[in-house]
2 protein chains.
Amino acid sequence: MAASVEPRQSSFGRLDAPATAPPARNGSSNGGIRRRADSPVRGCGFPPLISPPRKAIVEEEEQDEEDEEPEEDWREAYGSQLQLEVEPSTRDPRDEGTADAWIDRNPSLIRLTGKHPLNCEPPLARLMHHGFITPAPLHYVRNHGAVPKGDWATWTVEVTGLVRRPARLTMDELANGFAAAEVPATLVCAGNRRKEQNMVQQTVGFNWGAAGVSTSVWRGARLREVLLRCGIMSRKGQALNVCFEGAEDLPGGGGSKYGTSVTREWALDPSRDILLAYAQNGEPLLPDHGFPVRVLIPGCIGGRMVKWLRRIVVTPAESDNYYHFKDNRVLPSHVDAELANAEAWWYRPEYIINELNTNSVITTPGHDEILPINAFTTQRAYTMKGYAYSGGGKKITRVEVTLDGGESWMLCTLDIPEKPNKYGRYWCWCFWSVEIEVLDLLGAKEVAVRAWDQTHNTQPEKLIWNLMGMMNNCW
Amino acid sequence: MAASVEPRQSSFGRLDAPATAPPARNGSSNGGIRRRADSPVRGCGFPPLISPPRKAIVEEEEQDEEDEEPEEDWREAYGSQLQLEVEPSTRDPRDEGTADAWIDRNPSLIRLTGKHPLNCEPPLARLMHHGFITPAPLHYVRNHGAVPKGDWATWTVEVTGLVRRPARLTMDELANGFAAAEVPATLVCAGNRRKEQNMVQQTVGFNWGAAGVSTSVWRGARLREVLLRCGIMSRKGQALNVCFEGAEDLPGGGGSKYGTSVTREWALDPSRDILLAYAQNGEPLLPDHGFPVRVLIPGCIGGRMVKWLRRIVVTPAESDNYYHFKDNRVLPSHVDAELANAEAWWYRPEYIINELNTNSVITTPGHDEILPINAFTTQRAYTMKGYAYSGGGKKITRVEVTLDGGESWMLCTLDIPEKPNKYGRYWCWCFWSVEIEVLDLLGAKEVAVRAWDQTHNTQPEKLIWNLMGMMNNCW
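Predicted, not measured: the structure shown is a model, and the values here were computed from it. (Residues numbered from 1 in each chain as written. Chains lettered and ligands numbered in written order. Predicted model: local features only at pLDDT ≥ 70, side-chain atom pairs only at ≥ 80, totals over all residues. Heavy atoms only, no water.)

Can you tell me about a nonpolar patch on the surface, naming the residues and giving the values?
Residues and elements named next belong to chain A. There is a patch of nonpolar side chains on the surface, built from Ile-373, Leu-439 and Leu-442 and spanning about 300 Å² of accessible area. Looking at where Leu-442 falls in the secondary structure, it is placed in helix H9 (residues 438–442). Given a relative accessible area of 51%, Leu-442 falls into the exposed group. (Patch = residues over 30% accessible without salt bridge, like charges linked within 9 Å, V, L, I, M, F, W, Y side chains within 5 Å. Areas by Shrake-Rupley, 256 points an atom, 1.4 Å probe, with all protein chains shown as cover. Salt bridge = Lys/Arg side-chain N within 4 Å of Asp/Glu carboxyl O. Helix = DSSP H or I, 4+ residues; strand = E, 2+ residues; numbered from the N terminus. Buried < 20%, exposed > 50% of the residue type's maximum accessible area, 1.4 Å probe, protein only.)

Written as structure tokens, this is what we have:
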């Protein structure tokens, strides 16, 4: 069911940038990439960002679509929301003796799978404290093996397979030869909230809490533009899938790299904002998040956004990578590990996870939070809070809280800081809050939250167990 | 919150077709429009369909996207599914003395709101009998007043507001001056399955059963191309919404025409396949379905697809039409009619319905169907069947049936006849079936079906009442 295509040439031509000289980028300097004191970029000539010239030939009747206003700097757009300062990352004693010992990490991250590889989420209260944009050092991490040591100056991304002009793009070419797009996007691990599934029946996955979710402003080249520049072939020419491959040498999966794919339709869809991202919140990527370049697919689970990106291969069939099939699937509840293998459930296309489903989480009160009941607290309302998200660009339009196990629901106030993209798509989480009388809390039977998206779909009441414990979104 | 824009010119220029001569259309003749014996088109010179020339100037790097294969004729594509023959439509005695007395209608349609205006659904078993494509005379109908008598030769669609080249398009110009697109799409009334809501508590709407859903192949000009040809202004120029207005003189709503709007983003999104449709299943539209031209917005509720289309107005604000605000809304459960008016809930943007939610229906067994229990029937499996759909282009990926009120679920076989569009979007319903031991049916506690879409969202268990009784999708 899967195949990869070998490069059609063994030597790669240099991919020429447009002939006319690119003008210097006009944005404010802090909209670009700033070097960090601890950045591995230091000394490798990280270039100023420039944009290629606008298209010279545009049909008049298409022109109206091209009237782009200059992108608003995200620091201005979300300025009131930004609380990005965190304590410095440091060498972590838990990394000593591992292949990741060279990496500085935030000490507050909660490690979910022992010491190595790193799989972690931030404390939920800290995540919420920072609001709309998550500081990169607190962003959840899902690693399958040791972190590759990327070098900006020598890193290349090979674009090959069913393209007329195969290329090896340097990081400078990616950053300077293509317009830089900035996209705010919430990344979610498909396993977010898996712990609840494991409490019902053990899945094959580890215990994600409810903080396997983080939001950044990502900056990169549009995959669509890279593929068009490289001359992606036609549908008739069988250029139907775009495969991504990382740089890790992984212990599992037959020693393969991490890899997966998206369809041609997704890869070329301008409304999806798919990037080859080389900056997060205005800084070069951190090692844990794919330095120097990763795939970004807004509205999609993190598992498709290959980090430490090395190769893009355009193929007739979807990726044949181990992780493309044996990971990130929601199988029906009756399918256990034995059946999944015996009956090849991993390969049934309908169970692949791409776009996120609708989800919501109570973050205040926190777990084990104690609210004293006294003359003071019962005089004022208690504010419940949390986050919600959906996938595929859909907006969250309603969040409700029940205190009586679903008999009645209170409408919450929504805080949606995001501005949608020019196609009306939303890629980020939002926040909700509702004031509750403390005396009502006292009598509460079961407290729960549910969100609705713009298509008037909402979350299911009951937990629906699945072998990988993924996409858990019951209220 | 709403405004309309008056035409900027009082006289309209003729919208010129492209300068080069359009080549004759190459498709097979039955892919075009055939005249019906009872068609109101007779004698008004319904023209052969032609396509405009391909774009002359296309940048090389964009060219790969333009390599369209010729569209497959839908009769060939869905040939094995087509059972379009039905008994002739006739004058219906129930229409005597009404403004609709001139219209031939299928006698089997179930009228839901008395004799006039026509609001009807086909018998569910007949709908299912015809399979993937519903014969146009059996398609559900939602009319707000008397059906306008359209005349192909003299009908025009005015395109005005924030466009540089306002125009009045004749039907010949729409059919000959723009490429004809054919799109299979399932239309669903937002009130489908409302009867279940009314059984819990009366809503403001009438009793739709589960057959307020039908599928056709629609043919028309792409709205996107019409707007670009007319020079839709920029975002900066406040061309943010596209309003549609019909031709009816309606009894309610302050005597207005039926009207609504979509955003600029939707209107210009090529992946959404929005059409100004002038043919249904290869025939001119029937009077009840908007002859000579209606809006088609696949994946969206029927209520946005204005019939008997007279005007398209590009505006800064969304439509100010009565029906845009006072219809097609899902309000939270606690909002009753009094509160909705007192607190202006109709005008809160988050409750508008556009894209369909995920839904599924059991059609076999039918209502009140009796299965005799005897030595013969208990020897063989009983096949349960039904349909499912989602909205916004999302594919149905799973359907499950429970015999025990949701404790356990059986996976159903899916029949998805549709081929997705070039952006991977699905616009149509699909069918499911599952074989059940009759003895298991005997012991069944509660039988229900639920569907999942490609984003791993599924339907809620419990009915969530809302004032308009819309988008009911509980299992």
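Let's hear about the interface of chain B and chain A: which residues, and what values?
In this assembly, 60 residues from chain B lie in contact with 60 residues from chain A. Between chain B and chain A the total buried area reaches about 5400 Å² when both faces are included, carbon and sulfur atoms providing 45% of it. Where chain B packs against chain A, one counts 2 salt bridges. Here Lys-462 of chain B and Glu-461 of chain A are joined by a salt bridge, their closest N and O atoms 3.1 Å apart. The set of elements that each furnish at least two residues to the side of chain B that touches chain A consists of helix H5 (223–229), helix H6 (264–268), strand E18 (396–402) and strand E22 (448–453) of chain B. (Contact = heavy atoms within 4.5 Å. Buried area = accessible area lost by both parts, 1.4 Å probe.)

An account of the relation of the copies chain B and chain A is requested, with residue identities and associated values reported.
In screw terms, the move from chain B to chain A is a rotation of 180° and a rise of 0.0 Å along the axis, fitting with an RMSD of 0.0 Å. Taken together, these values place the two copies in the relation of a two-fold axis. Residue Pro-460 of chain B, judged by its C-alpha, is the member of chain B lying nearest the rotation axis, at 2.5 Å. (Least-squares fit on C-alpha atoms with pLDDT ≥ 70 in both.)

How would you sum up unusual backbone geometry? Please name residues and give values.
Residue and element names in this part refer to chain A. Here Phe-291 and Pro-292 are connected by a cis peptide whose omega angle stands at 10°. One can find Pro-292 in the loop between strand E13 (283–284) and strand E14 (294–296). Residues other than glycine seldom take positive phi values, yet His-456 does so here, at roughly 65°. Among the residues examined, His-456 registers a relative accessible area of 4% and is labelled buried.

Which residues make up the sheet that holds strand E21 (residues 430–437) of chain B, and what values do they have?
Residues and elements named next belong to chain B. Reading across the sheet, the 4 strands line up as E16-E17-E21-E20 and stay open at both edges, with antiparallel pairing between neighbours. Taken across any chain shown, the strands that pair with only one partner, and hence form the sheet edges, are strand E16 (359–364) and strand E20 (413–415). Going across the sheet, the axis of each strand differs from the next one's by a mean of 30°, ignoring polarity. (Pairing = 2+ DSSP bridges. Axes fitted to C-alpha atoms, helices over the stretch in contact; angles between N-to-C directions.)

Provide a residue-level description of the pairing of strand E7 (residues 167–170) of chain A, including the pertinent values.
Residues and elements named next belong to chain A. Residues Ala-167 and Leu-169 point to one face of E7 and are all buried, whereas Arg-168 and Thr-170, pointing to the other face, are not buried. One ladder, built from 4 bridges, connects strand E6 (residues 156–161) with E7; its direction is antiparallel. Bridging across to E7, Thr-156 finds its partner in Thr-170. Counting the residues between successive antiparallel strands, the hairpin from E6 to E7 contains 5 residues.

Just give me the short version of the sheet that holds strand E10 (residues 241–245) of chain B, but keep the residues and values in it.
Residues and elements named next belong to chain B. In space, the 5 strands of this open sheet follow the order E7-E6-E15-E10-E11, with mixed pairing throughout. Sheet topology places strand E7 (167–170) and strand E11 (259–263) at the edges, where each strand pairs with a single neighbour. The average angle at which neighbouring strand axes cross in this sheet is 20°, direction not considered.

Could you give me a rundown of the environment of Ala-267 of chain B, with the residues and numbers involved?
Residues and elements named next belong to chain B. Within the secondary structure, Ala-267 is located in helix H6. Residues Ala-267 and Glu-225, 42 residues apart in the sequence, show an inter-C-alpha distance of 9.7 Å. Beyond its immediate chain neighbours, meaning those up to four positions away, Ala-267 contacts Leu-223, Arg-224, Leu-227, Val-242, Val-262 and Ile-274.

Run through the packing of aromatic side chains, naming residues and quoting values.
Residues and elements named next belong to chain A. Counting across every chain of the model gives 24 aromatic pairs over all chains. Measuring from ring centre to ring centre gives 5.4 Å for Phe-206 and Trp-208, while their planes differ by 40°; the resulting arrangement is tilted. Neither residue differs from the other here; Phe-206 and Trp-208 are each classed as buried. Plain terms: the ring middles of Tyr-322 and Tyr-323 are 5.1 Å apart, the flat faces sit at 80° to each other, and that makes the pair edge-to-face. Taking the relative accessible area as the measure of exposure, Tyr-323 reaches 7% and is therefore buried. Through pairs of rings, three or more aromatic residues link up here, namely Tyr-387, Tyr-389, Trp-429 and Phe-431. (Phe/Tyr/Trp six-rings, centres within 6.5 Å; stacked < 30°, edge-to-face > 60°.)

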